[in-house]
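Summary of structural features
In case you want the letters, here they are:
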Amino acid sequence: MWFMKHGLAFVSSIWSALLCLSLMAAVVGADVPKRSLFSWKTGVWGVCVAQECGSPGLQVRSVWCVHSEGWSTHQSNCHLSERPAQQRTCISVCEWQRQLFEWQLSPWGPCNPSPPLLPNRCVTAQRGLQRRTMTCVRRSNSTAVSIHVCEAFSPSPELEQACLLPCPLDCVVSAFSDWSPCSRTCGPALQQRTRQVLAPPLYGGAECPSLTQTRSCSHDTTHPAHCPSEQQEHSYSLWAGPWSQCRRKGTLPSGRTTVNFINGLSGHKGVPPSHTVKRHSENIQFEHDHHDHHRGLKASWDIHTGYQTRQLRCTRNDGKNAMLSLCDHDPAPVNFRSCVMPRDCEVSDWSAWSPCSKTCRTADQLPGFRSRKRNMKRIPIGGGEECPVLEEAQTCNALVDLLPFCPRYDWKVTNWGSCQVRPLLSQQDHRHGNSSFLCGGGIQTREAYCVRISENTTMSHLSRPVGRSFCSSPLPLLIQPCSVPCSKPCRLSPWSPWGPCVHDNRVEHHGKKGFMLRTRFIVEEVWGQSESCPHITEAMTCHDPISFKWRVTTQGPCMPQDGACGRGTQDQSVECVTVTGETVPSVKCLVDPPPLQQLCEMPCPGDCVLGPWSSWSPCSHSCSDKYAEGKESRSRSILAPPTEQEKGCLPAPVLEQWRPCGTHPCMVYYWVTSVWGPCTPDLSMEQNTTAQEDAVERGCGTGMQTRQVHCRRADNGHVAPGRCPESTRPDEVQSCTLPCKVECVVTPFSEWSLCPASCSPVNATISTQSRHRIIIQRPANGGQECPATLFEERECNPPPLCPTYRWQTHRWHPCILVPDSVRQAVGGHTEACGIGLETRAVTCVGVDDAPADVAECVKWAGVMPAAVRKCRVACRDDCTFSSWSKFSYCQGCGSWRTRSRSLIGRSKKRWRCQKEALVEREACPCSEYHTQVHGSWSPCLLPQQHHQTGFILTRRGYHQSKGSTQGWRAQKEGKECGQGWRYRALACLDHQEDLVEPAHCNSSGIEKEVCLVPCPLDCKLSEWSAWSSCSAPCGGGVKMRSQWLREKPFNGGRSCPKLDFKNQVSEVVPCYSECNPYVWEAEPWSACVIDPPSTLNSSSTSQPLCGEGVQMHKIWCVKKEEERRIIVDDSLCDHGEQPVAAQACLLPCPGLCVTSEWSQWSECPVGCNERELRWRSRTVLRMPGSGHTCPQLNQTQSCANTTCLSYSYAYSDWSSCQLSDNAVCGQGTKTRLLNCIRSDGKLVELNMCKEWGPSRGKLSAPCEVSCPVDCLLSDWSLWSECSHTCGAQSQMSRSRVVLQQAGEGGRPCPSQLSQTKPCPIRPCYSWRLGEWSSCRVEGAECGEGLRERNLSCVVHWGSLSGPPFPKAVPEEHCMESRMSKSIGTELHQPCSVPCPGDCHLTEWSAWSTCQLLCLDGRSFETSGRQARSRAVVMQVPESKDSCPSQVYETRPCQGGTCLSYEWITGGWRNNQRAVWCQRSDGVNVTGGCFLQNKPSTVRHCHPPCAKPFSFCTQSGVCGCERGFTEVMTSHGFLDYCTRTPGPDYKKADVKTSAGRLRPSHVQHKNHPREWALQPLGPDGRVRLWVYGLMAAGFIMILLIITMSFLLCKNHKDSPNAGSTQKTLALAYDGDADM
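Presented here is a report on the structure given in the accompanying data block. All values derive from a computational prediction rather than experimental measurement.

Structural notes on the overall build of the protein
- The helix and strand inventory of the protein stands at twelve helices and 104 strands.
- The buried share among the 1634 residues of the protein stands at 32%.
- By sequence separation, contacts in the protein at least 24 residues apart represent 70% of the contacts at least 6 residues apart.
- Surface accessibility of the protein: about 102,000 Å² in total, with carbon and sulfur atoms responsible for 54%.

Let's talk about the sheet that holds strand S45 (residues 709-713)
- With antiparallel pairing, the five strands of this open sheet are ordered in space as S31-S33-S42-S45-S46. Because the sheet does not close on itself, it has two edges, and the strands there are strand S31 (513-519) and strand S46 (718-719).

Description of unusual backbone geometry
- A positive phi is found at Tyr203, a non-glycine position, where the angle reads about 55°.
- Phi at Asp848 takes a positive value of approximately 60°, unusual for a residue other than glycine.
- Position of Asp848 relative to the elements: it lies in the loop between strand S54 (842-845) and helix H6 (854-860).

So, the side chain of Arg132
- Its location among the elements puts Arg132 in the loop between strand S8 (125-131) and strand S9 (134-138).
- Lacking a salt bridge, the buried Arg132 has Glu158 as its closest oppositely charged neighbour, with an N-O distance of 7.5 Å.
- There is a polar contact of 2.9 Å between the side chain of Arg132 and the backbone oxygen of Glu158.
- Look past the residues within four positions of Arg132 in its chain and what remains in contact with it is Leu105, Ser106, Pro107, Trp108, Pro157, Glu158 and Leu159.

Some thoughts on the environment of Gly1339
- Within the element layout of this structure, Gly1339 appears in the loop between strand S85 (1324-1329) and strand S86 (1342-1348).
- Accessibility expressed as a relative area gives 26% for Gly1339, which makes it partly exposed.
- Separated by 1006 residues in sequence, Gly1339 and Pro333 place their C-alpha atoms 5.3 Å apart.

Quick look at a nonpolar patch on the surface
- Nonpolar side chains collect at one region of the surface, where Met1596, Leu1599, Ile1600, Met1603, Phe1605 and Leu1606 lie side by side and expose about 610 Å² of accessible area between them.
- The topology assignment puts Phe1605 in helix H11 (residues 1584-1608).
- According to the relative accessible area criterion, Phe1605 is exposed, its value standing at 59%.

Considering the state of the cysteines
- Scanning all chains against the criterion turns up 56 disulfides.
- For Cys988, the disulfide goes to Cys1001, at an S-S distance of 1.9 Å. Judged by the sign of its S-S torsion, about 85°, the bond between Cys988 and Cys1001 is right-handed. Taken together, the residues Cys988 in strand S61 (residues 978-990) and Cys1001 in the loop between strand S62 (995-996) and strand S63 (1006-1013) connect sequence positions 13 residues apart. The exposure classification of Cys988 matches that of Cys1001, with both residues buried.
- Note that Cys1088 is cross-linked by a disulfide to Cys1145, the S-S spacing being 1.6 Å. Judged by the sign of its S-S torsion, about 90°, the bond between Cys1088 and Cys1145 is right-handed.

About the cut-offs
- Residues numbered from 1 in each chain as written.
- Predicted model: local features only at pLDDT ≥ 70, side-chain atom pairs only at ≥ 80, totals over all residues.
- Heavy atoms only, no water.
- Helix = DSSP H or I, 4+ residues; strand = E, 2+ residues; numbered from the N terminus.
- Buried < 20%, exposed > 50% of the residue type's maximum accessible area, 1.4 Å probe, protein only.
- Contact = heavy atoms within 4.5 Å.
- Areas by Shrake-Rupley, 256 points an atom, 1.4 Å probe, with all protein chains shown as cover.
- Pairing = 2+ DSSP bridges.
- Lys, Arg positive; Asp, Glu negative; His and termini not counted.
- Salt bridge = Lys/Arg side-chain N within 4 Å of Asp/Glu carboxyl O.
- Polar contact = N/O pair within 3.5 Å; in protein donor to acceptor, adjacent residues only side chain to side chain.
- Patch = residues over 30% accessible without salt bridge, like charges linked within 9 Å, V, L, I, M, F, W, Y side chains within 5 Å.
- Disulfide = S-S within 2.5 Å.

Next up, the structure:
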């Protein structure tokens, strides 16, 4: 109970204490204000609103409440008491006051992280902040005023803006170096190893780790722990401190300068922990461009000398100081020296600002710049302060929108030249000799020139040309295809037959004279320069002309008057027609018309029946002369003989009629015309306003053309006009359009080219300036001619001579030593001797030695001579020498001459004096020079073609005429091939093989020789072969001709057309062959001949001949041609188609019916239809007698045999494009043939298809042949200046551009679009800096010293790296070249040599690889950075406190690479592995890899191996030690380890002891045995191959069971066999028994 009572009291006291603490925390929390998540945000002040400018007004701004995350909220969430003011009073400004002040903003500063993110929280970028400053300035003088002034005009700009930064990048260092040797050979010592900085930390990354590791040396036989007794425990070194500042004479040094035993003073300056090191390379800038022009001001060059001292002390190798006497040094150390009092650089005041570089508005929207300069008035000496920057620049005209627009420059072009076909001809074309008749496709060219275009002007033809460099836009098209129309001859149709004799339509019908006319029409009009078409009408005079005649149109049947035969009447109709068959009114026919009813006779059954009269045959002669007259005939035949009692037939002569024709004389007349005259103004057209306006639209007015018309007889000259029909007289006058006059148009002259603005040296050649103008349009049609002068040149005004300035040196002053008082004060020797300084005055003088400003000599006189040099005052102990002897005589070029001196006095016995040089030599002067060939020959260069301006076109093999693109030169005038020159450089060398000026070798430095540029040879083909015969023997086919390859192209000539495998090119055109060129023709059938009856059987009474008879006609074989038929041998015709020469005929006997011949078959409808019929008929000419009837008068026939064969048109392939004989390319015509094909595939006559309808396809079509345009180039530019002023790499160049690529089949563009030729090789003189020497402390072993390098003048061939390698020459060569020497060049560099035992910094490491900042392999910066570092080296532990801090520095670099970092892992060993970071270039580093991605270095099992006798295996799962077997759970994890049964435990019950045996863990020396194949994976699961193995085992068991069953069953041949025998049989006999 007591325990419970006191326990409850204790618990209640605890609760009371907790409650009190909570109340105190609440009170404390109430006192500390809680930070609010909301704050006020203000906008910019608005415009000051007032009643008038200059009066008080009011300004307002917006105020709102925002959350810390940036989103706006209600104002109640913010404290109203903290709300900023929303309005304020202001002064309204006037518009004119706004132009007085402006905001001036600085550039945005660097982007700084705010706040920096941890590397593990940054993904791709982090937030940053950029800041800038602003000031309010006056526009007039840029002076600053209060910012409230500008705030009254415009709101203040933002001074902060957000930005993005990459994620923090930690410092990256390299791997450690090897361990250094021990600092001491015995006793306590240290070893160090260092590493260097490869990449500095950026954007808040981790700083660099320590660059040094130190360890104590292990003691062994090579490094004992204790030093031998005979070896000194400590060593001593003399330390020298830095030289003090130069002091004037009369001031003694302060403090001790000999020895200092203060422990804190180690003699070294600690290097501050800075990441940047100040370099000493930026001194005087732009000094060659700026000088003061104040003449008459003499610069004071009085140089004052002083002295310097330094501390000396003796240090021990453990870092402690010792007595100075312990450091023995010979010669005695010097702790004072003479020096030059430093004097700073003095510069003049700033000049006025230059005009702004940007005075107009351009598209880039960038501001301009202005600069100002100041001159150097005094050069710094004695280590004085270097000159500041002598030129500075600042932006101006930042408000680009207020500037006027800049003038633009654009290309203008001239008018197109005439179309030229000749440039398209190949070399072998025979038409080069006369190209006036060429036509077809061609090219026309024009020139381009650059003009200035202002915004307030338009591009007119009167713009002045300017330099081509002003135009940056691409060149306009300067070449275009064109076409010259080809002349076409007049194509006429054949003459028509002579017409009837008619009256002339234009004269009254008086007399009996008329004309017979024949005509032909123009198939194709003449075009181009061909002659006009000949006459198309011919006439012959005739008599009794007629204009109209009556024509019988229809005749009815003959109607006998009495009975069925005999005389009767026949009706007929007539009409009045012209001689050409056209129907006209009847009144036109003046003669009486034929009767409408005429007598006729119907033969009776016994009468003779005659056939109708045939048509009159053609007239045998169209006209008559004294040798021949024309005749024509007609005939009729006997169709049926009469009986004797009836009317007989007419005699044979009466059955044929003849009449004369063509009785008029053979006199042919026709009209001939001359060519049309020129088009002259037609004064009569002035009255016709409408016609005049129409003509003006087409040209420049209406004119009139006339020609002469004469009547001509065919076989004689001109005759009277009345002999020709007036109706066919051609016109003598026609209207025409007057061509407009085209005046010559030229541009104004360009501005005069600039004269040199710089000064000229003495005896310089006078420069010239030029101007030019360009022909835009050439005159035509009588326009004003172009001016003769297109280029003018004049001399420039003589430029001012370059000023002559030189350095004037004065005499050297006596050698100045350190004062005696100073030597005594610092403990030095008292004798006034040793090394001192002597000075002289150096001034700048001009012409007549007038004093000039120093800047003038710096600019024009080169390097200033030395004003201070070391000197020596001999001491009593110095070595003394005799005077130098004269130089010995030279033995020739390349030899040496010597002089000597000797020791005198006591110096002969002094050992150190005997080391001095007593003989010196120098090279003998030599003036022998020789030339040496350098480099190879230049390409063969053709002479330069000079042109005025613009882009002149050059065709490969041709050039345009000078100053124009109107014509093309012939090939022989072209300068693309032929004789030229090639050049190579010659170097002039002296006897020492040093390069000198070419003038010493009396050579220009260039060697040239004649060379030959091979002309391009085009592909040459043979002439066209003759056309082959038509490929088709019947109908349409093709014929072809070919050209063979004779020569292949060479040196860029025109390529060959596409050749076949026989190296030939063919041209194919369609042709047509008559299907039956040889046909049989026959005369009309003769009269039917009846054989007379035999006299034996004949009666006395004569019987008429009737019945069957024979008709005969002649047949012959003819060849069909266009207008005639030629009789040929019968063997040429097809005998299978030969017509019969005789046939049976029938003469109706008296009393029989006589009929006419059958008419033509009627037309069958198109298509194959067996039901369709055609018919023909005949009429009865004589009625039959009694007992006789007439045969069938009508016949019908099925159309199946005639219409089932259809016909269709078939077109041949198009021919190749056919050009005119005078054309090379351009528009042509392609043709094809039309064939008629029967449905059975046979080619038949074309008229068979015409019955089925006309063809609808075209047989000709336009086509185009591509022009073989050669590559067109601009002319070669002028040779450039030499690329270098000296050296062997100097060369001149010229170039040309491709204006038109080669067309199909043209000459390709050459690969050489630029050419170079060498310049003379002149020696290059340069100042060359030597390598820095090792740090050397004058007069001491360690301490502060100097590292030096020399600056020497060398001669080289343009490259300081050689070969040939540079050689040193006297400095005068570099001074003559006005090369700046030591200004801004660091020749001495302070350094320090650590004493034994000092803690010091290493030398600077090499610059690391230039690395870019990249993301995913892409860089987003243009320049990279490099780093180098210095590590700390501690030699003894006692100097740890005096160690400086490690330093590193960075610098920007160009051409960096993206480098990435990744973790690299080694192999597992005892569940451990090495993990390191490696850069993508294979360098192992520390830093750069993200720590959160670092792989583990130690492997652990999960769950841990806590079971007895278990351990974590290499595969990451728990296993058992050697001698134990793993027992796994169902999940694949280790359950426990059981001991593996051995020889001593054969009878043990494993099952009984398995779970109970828990022996204590025994540590074995050997590792437990492991399986090569682990059945469990790292996660404890069974691997897949285990399941596969189990499945394979199961299948194997099934297989064994099956085999056992087959082997163990009973066999019939051995039923009693035992099982043992079967087993043996299975084992030993596995063949037949199985």
